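# Summary of the model geometry
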Amino acid sequence: MDFELSEEQEQLRDSVRSVLERECPPAVVRAAYEGRLDGEHDRLWRVICELDWPAIAVPESMGGLGMGFAELALIAEEMGRAVVPAPFMSTVAQFVPMVLETSLPEQQKILLGTVLDQGAIGTVAIAEKGSGWDMSRMSTEARRTRDGWVLNGTKSFVFDGADATTILVVARASDDEGIGAFAVPSDAVTSTAVKLLDPSQPLADVELRNVLVPDDAVLVEPGDQKGAAGIRRALEQATAAVAMSMTGTCRVIFDSTLQYAKDREQFGKPIGSFQAIKHRLVNMLIALERASSLAYFAALTIAEDDPRRSIAVSMAKAAAGDCQRLIVQDGLQFHGGIGYMWEQDLHFYLKRAKSGDLLFGSAAAHKANVARALGLAA
Ligand SMILES: Cc1cc2nc3c(=O)[nH]c(=O)nc-3n(C[C@H](O)[C@H](O)[C@H](O)COP(=O)(O)OP(=O)(O)OC[C@H]3O[C@@H](n4cnc5c(N)ncnc54)[C@H](O)[C@@H]3O)c2cc1C
């Protein structure tokens, strides 16, 4: 496993960063917060599609760029840096990996085609209120009928759930045979946008009432163990991408706090010269580098299909959660009163980092996963 970025990967990261600096400055994020995005939302997504970022990890044989998860993760980090209000995390970090991991070639052609050729938004619905992303406790039910599978239940925290064309729903068979994955068109469900902490990353509740899924739209039949493993692998990719995105966001908070500590003078000195600030800034950097290193490690285990990928992803998400707690708390504190101001951009980053901990399992949930992987019984 090579921990250095290759020249091509550095070029990719730099070019993504410069595009986002140009196309998604904080004024665009502010417009999303204040409901003034209008056509900007679509424009930003069009730019992302024109640059083929949704195709980054899709094999060339399927019309993709043929790169891997390491490159996808680098883009996710930049998405977090720029707090991008566009459906990248839903479509590229969730929908595309789920399609690639679970569906048949003819299904892949159709589902990926809508994204790569038409710029359609896709998403994945796994989480539910009460059980979060723990698929062993989900209650959305799939019942086998003569005409196909019928889905009933309500999904929560669905990224871009109100804007997606296709939603890949993970549900449990009514006879408890296991989990399955089903491609559902958005007009077959009721999606309600949910106001949460970070308005630049829209989430929705998705209600499924007797939604009939024909056999050709079933990606994974409940009971198919290989298919269920594919669902888990896709969830690992989404989780690692969120961890990368969180560390990207946390780095901006850290950089801004460091600069403020150097510039802001009180008692005739920069506040960063006071031990109470200096030592805590060092702790912030250590937490950030730990989270960032674990997120890169998780991304590489996925890229190389390393057997440690599951525990690596949980360690990365747990470290990202711990990192955001410290960085958000001290970053806000050290900016003094200005950090509380709506007019200051800092709160976009604080809210994106904080909400990241709540998505795809909190630090506590992922620490429990690591404990289980270590053979520590509950
Ligand atoms: C919601 C809100 C309401 C407010 N309402 C009022 C109001 O009604 N009236 C009013 O006058 N003010 C008000 N303020 C302003 C408030 O008094 C100041 O924000 C506060 O005194 C901090 O000053 P500052 O913002 O300039 O931060 P800075 O002085 O820039 O401090 C930045 C950081 O450095 C730390 N720091 C500074 N000096 C030292 C040191 N020597 N050792 C260790 N750490 C240090 C601070 O604790 C802080 O974490 C309000 C602020 C907020 C957030």
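Remember, it's a predicted structure, so these values are computed and weren't measured experimentally. (Residues numbered from 1 in each chain as written. Predicted model: local features only at pLDDT ≥ 70, side-chain atom pairs only at ≥ 80, totals over all residues. Heavy atoms only, no water.)

## Examining the packing of helix H4 (residues 69-81) against helix H5 (residues 88-102)
Between H4 and H5, the least distance of the axes is 11 Å, while the angle of their chain directions is 160°. Taken together, the axes of H4 and H5 are roughly antiparallel relative to one another. Of the two elements, H4 crosses H5, and the hand of that crossing is left-handed. Contact residues: H4 offers Leu72, Ile75, Ala76 and Met79, while H5 offers Phe88, Met89, Val92 and Ala93. Counted by class, the contact of H4 with H5 contains 8 nonpolar, no polar and no charged residues. (Axes fitted to C-alpha atoms, helices over the stretch in contact; angles between N-to-C directions. Helix = DSSP H or I, 4+ residues; strand = E, 2+ residues; numbered from the N terminus. Parallel < 35°, antiparallel > 145°, perpendicular 65-115°, else oblique. Left-handed = near helix turned anticlockwise from the far one by under 90°. Contact = heavy atoms within 4.5 Å. Nonpolar A, V, L, I, M, F, W, Y, C, P; charged D, E, K, R; others polar.)

## Remarks on helix H11 (residues 363-373)
Residues of H11 that are buried include every one of Ala363, His366 and Val370, and no others. The buried residues of H11 occupy an angular sector of 70° when the element is viewed end-on, so they sit on one face. Opposite the buried face of H11, at more than 90 degrees from it, the exposed residues are Ala364 and Arg372. Contacts made by the buried residues of H11 are with helix H7 (225-263), helix H9 (309-334) and helix H10 (346-358). The first or second residue beyond H11 is Gly375, which carries a positive phi of 80°. (Buried < 20%, exposed > 50% of the residue type's maximum accessible area, 1.4 Å probe, protein only. Arc of directions from axis to C-beta.)

## Looking at the packing of aromatic side chains
If you walk through the whole model with that rule in mind, you get 8 aromatic pairs. Pairing Tyr33 with Trp342 gives two aromatic rings, centres 6.1 Å apart and planes at 70°, and the pair type is edge-to-face. Pair noted here: Tyr33 is in helix H2 (residues 26-33) and Trp342 is in the loop between H9 and H10, with a separation of 309 residues, a long-range link. In this structure Trp342 comes out as partly exposed when scored by relative accessible area, which is 40%. An angle of 45° between the planes, with centres 4.7 Å apart, marks the rings of Tyr33 and Phe348 as tilted. Taken together, the residues Tyr33 in helix H2 and Phe348 in helix H10 connect sequence positions 315 residues apart. Take Tyr33 and Phe348: they sit in the same class, and that class is buried. Every member of this aromatic cluster is reached through a ring pair, and the members are Trp133, Phe157, Phe159 and Phe360. (Phe/Tyr/Trp six-rings, centres within 6.5 Å; stacked < 30°, edge-to-face > 60°.)

## A word on the nonpolar core
The biggest cluster of nonpolar side chains holds 120 residues, and the ones touching the most others in it are Trp53, Val84, Phe88, Ile126, Leu151 and Phe182. When residues of this core are assigned to their parent elements, the largest contribution, 17 residues, is made by H7. Sequence-distant contacts of Trp53, that is, excluding residues within four places in its chain, are made with Val16, Val19, Leu20, Ile48, Ile75, Met79, Phe88 and Val92. (Core = buried A, V, L, I, M, F, W, Y, C linked by side-chain atoms within 4.5 Å.)

## Thoughts on unusual backbone geometry
With a phi angle near 45°, Asn210 is a residue other than glycine that sits in the positive phi range. Along the chain, the position of Asn210 falls in strand E7 (residues 203-213). Phi at Asp305 is positive, roughly 50°, even though this residue is not glycine. If you trace the backbone, Asp305 turns up in the loop between helix H8 (275-303) and H9.

## Here's the deal with the side chain of Ser245
Position of Ser245 relative to the elements: it lies in helix H7. Not counting residues up to four positions away in its chain, the partners in contact with Ser245 are Ala76, Glu77, Gly80 and Met89.

## Here's the deal with the site of the ligand
Taken together, 13 residues lie around the ligand, and Tyr260, Arg264, Gln266, Gln333 and Gly337 are the ones closest in. Between the ligand and the protein, one listed contact pairs an oxygen atom with a side-chain N or O atom of Tyr260 at 3.0 Å. Between Gln266 and the ligand, the recorded distance is 2.5 Å, taken from a side-chain N or O atom to an oxygen atom. Coverage of the ligand by the protein chains reaches 43% of its 980 Å² of free accessible surface. Secondary-structure elements contributing two or more residues to the shell around the ligand are H8 and H9. (Near = heavy atom within 4 Å. Polar contact = N/O pair within 3.5 Å; in protein donor to acceptor, adjacent residues only side chain to side chain. Areas by Shrake-Rupley, 256 points an atom, 1.4 Å probe, with all protein chains shown as cover.)

## Focus: a negative patch on the surface
Residues Asp2, Glu4, Glu7, Glu8, Glu10 and Glu304 make up a contiguous surface patch of negative charge. Topologically, Glu7 is positioned in helix H1 (residues 7-23). (Patch = residues over 30% accessible without salt bridge, like charges linked within 9 Å, V, L, I, M, F, W, Y side chains within 5 Å. Salt bridge = Lys/Arg side-chain N within 4 Å of Asp/Glu carboxyl O. Lys, Arg positive; Asp, Glu negative; His and termini not counted. Charge placed at Lys NZ, Arg CZ, Asp CG, Glu CD.)

## Overview of H2
Extensive coverage of H2 is indicated by the burial of 6 of its 8 residues. Among all positions in H2, only Val28, Val29, Arg30, Ala31, Ala32 and Tyr33 are buried. One or two residues past the end of H2 sits Gly35, with phi positive at roughly 65°.

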